Amino acid sequence: MAALKVLKITKSFRADFYKKPVQVLKEMSFEIQAGRFVGFIGPNGAGKTTTIKCLLEYIFCDSGSIQFFNNQNILDSKKRIGFLPERPYFQEFLSGLEFLKLHWSLAGLASENFQSRALEVLEQVKLSHAKDKKLRDYSKGMLQRIGIAQALLAKPDFLILDEPMSGLDPDGRILIKDILKSLKAQKITMLMSSHLLEDVEELCDDLIIVHKGETLYSDSIVKFKENFSTLESAYRSFKGQLEVDYNV
């Protein structure tokens, strides 16, 4: 079953009233099957973040269609989606537990169920010891983990992660990867935007490559790198052909 179908979505932005709109997405299409962990890659400016914003309706595409869970009502779909943005905003005066309580309230979830669920996700991201600590005293890695905790709070069926390991030290990266591997084992559908090919290769089942607002590849990682030893070497070859086709 498809957890997400994206069909020919387009999006343009007008930098100035008198300037011609710039088309960022050009009939972008791809499909994600339920239970798969999908890497979402491409050069800076390829349209990855714009696509994610369209998926979540933070902005609206100009044309095309986006269907979650076999075209389930978008409001019902959103209740089943967890999201960690690349640059999440953290209210530094809150403790870890208070931060989760804020997001629990924003999601409109029943207050009597909060405590047990919050402690469960804090244990899942290995932050139980810091639940009463202020976010201003969290390390970068701890902030990423509390961000994942809030994304998991409502027991989502689909997780969207935008650069979840950006700027982390080796210990932080190992912890985040261990968390993502445990979620993968639970068959939670995940879409992860990343610039780190080694992480995508280690964690993901499938791969979506975008360039200049178009989908250039959407299939399994195994198939993409079948003639190469690593994802990076396969991507280097792919990019070499890209430079010929797109003159980049």
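Residues numbered from 1 in each chain as written. Predicted model: local features only at pLDDT ≥ 70, side-chain atom pairs only at ≥ 80, totals over all residues. Heavy atoms only, no water.

Caption draft 1: How the structure looks around the sheet that holds strand S2 (residues 22–33). Read across the sheet, 3 strands follow the order S2-S1-S4 without closing on themselves; strand pairing throughout is antiparallel. Looking at the sheet topology across the chains shown, the edges are occupied by S2 and strand S4 (63–68). Each strand axis lies, on average, 15° off the axis of its neighbour in the sheet, ignoring direction. Pairing of strand S1 (residues 2–13) with S2 involves 8 bridges; the strand directions are antiparallel. (Pairing = 2+ DSSP bridges. Helix = DSSP H or I, 4+ residues; strand = E, 2+ residues; numbered from the N terminus. Axes fitted to C-alpha atoms, helices over the stretch in contact; angles between N-to-C directions.)

Caption draft 2: Quick look at the pairing of strand S3 (residues 37–41). The buried count for S3 comes to 5 of 5 residues, which makes it a mostly enclosed element. Alternating residues of S3 divide into Phe37, Gly39 and Ile41 and Val38 and Phe40, and every residue in both groups is buried. As judged from the 4 bridges shared by S3 and strand S7 (residues 189–193), these two strands associate in the parallel manner. When the sheet's bridge partners are listed, phenylalanine 37 is paired in S7 with methionine 190. For S3 and strand S8 (residues 206–211), the ladder comprises 4 bridges, and the chain directions are parallel. Along S8, the bridge assignment pairs valine 38 with aspartate 206. (Buried < 20%, exposed > 50% of the residue type's maximum accessible area, 1.4 Å probe, protein only.)

Caption draft 3: Seen up close, the pattern of salt bridges. Counted according to the given criterion, the structure contains 15 salt bridges. Arginine 173 is paired through a salt bridge with glutamate 198; the nearest N and O atoms lie 3.8 Å apart. Of the two residues, arginine 173 sits in helix H6 (residues 170–185) while glutamate 198 sits in helix H7 (residues 197–203), which places them 25 residues apart along the sequence. Among the residues examined, arginine 173 registers a relative accessible area of 17% and is labelled buried. Using a relative accessible area of 44% as the deciding quantity, one classes glutamate 198 as partly exposed. (Salt bridge = Lys/Arg side-chain N within 4 Å of Asp/Glu carboxyl O.)

Caption draft 4: Just the pairing of S1, in detail. Where S1 meets S4, 5 bridges bridge the pair, whose relative direction is antiparallel. Note on S4: the bridge partner recorded for valine 6 is isoleucine 66.

Caption draft 5: Region of interest: the environment of glycine 64. Along the chain, glycine 64 turns up in strand S4. With 55 residues separating them in the primary sequence, glycine 64 and isoleucine 9 have C-alpha atoms 4.0 Å apart. Those residues within four positions of glycine 64 in sequence are excluded, and the remaining contacts are Leu7, Lys8 and Ile9. (Contact = heavy atoms within 4.5 Å.)

Caption draft 6: Local environment of the sheet that holds S7. Here we have 6 strands laid out as an open sheet, ordered S5-S6-S7-S3-S8-S9, and mixed in their pairing. Of all the strands in the sheet, the pair left with one neighbour each is strand S5 (81–84) and strand S9 (214–220). Ignoring strand direction, the axes of neighbouring strands in this sheet form an average angle of 15°. Sitting on the sheet, H6 touches S3, strand S6 (158–162) and S7, and the angle it makes with S7 is about 145°.

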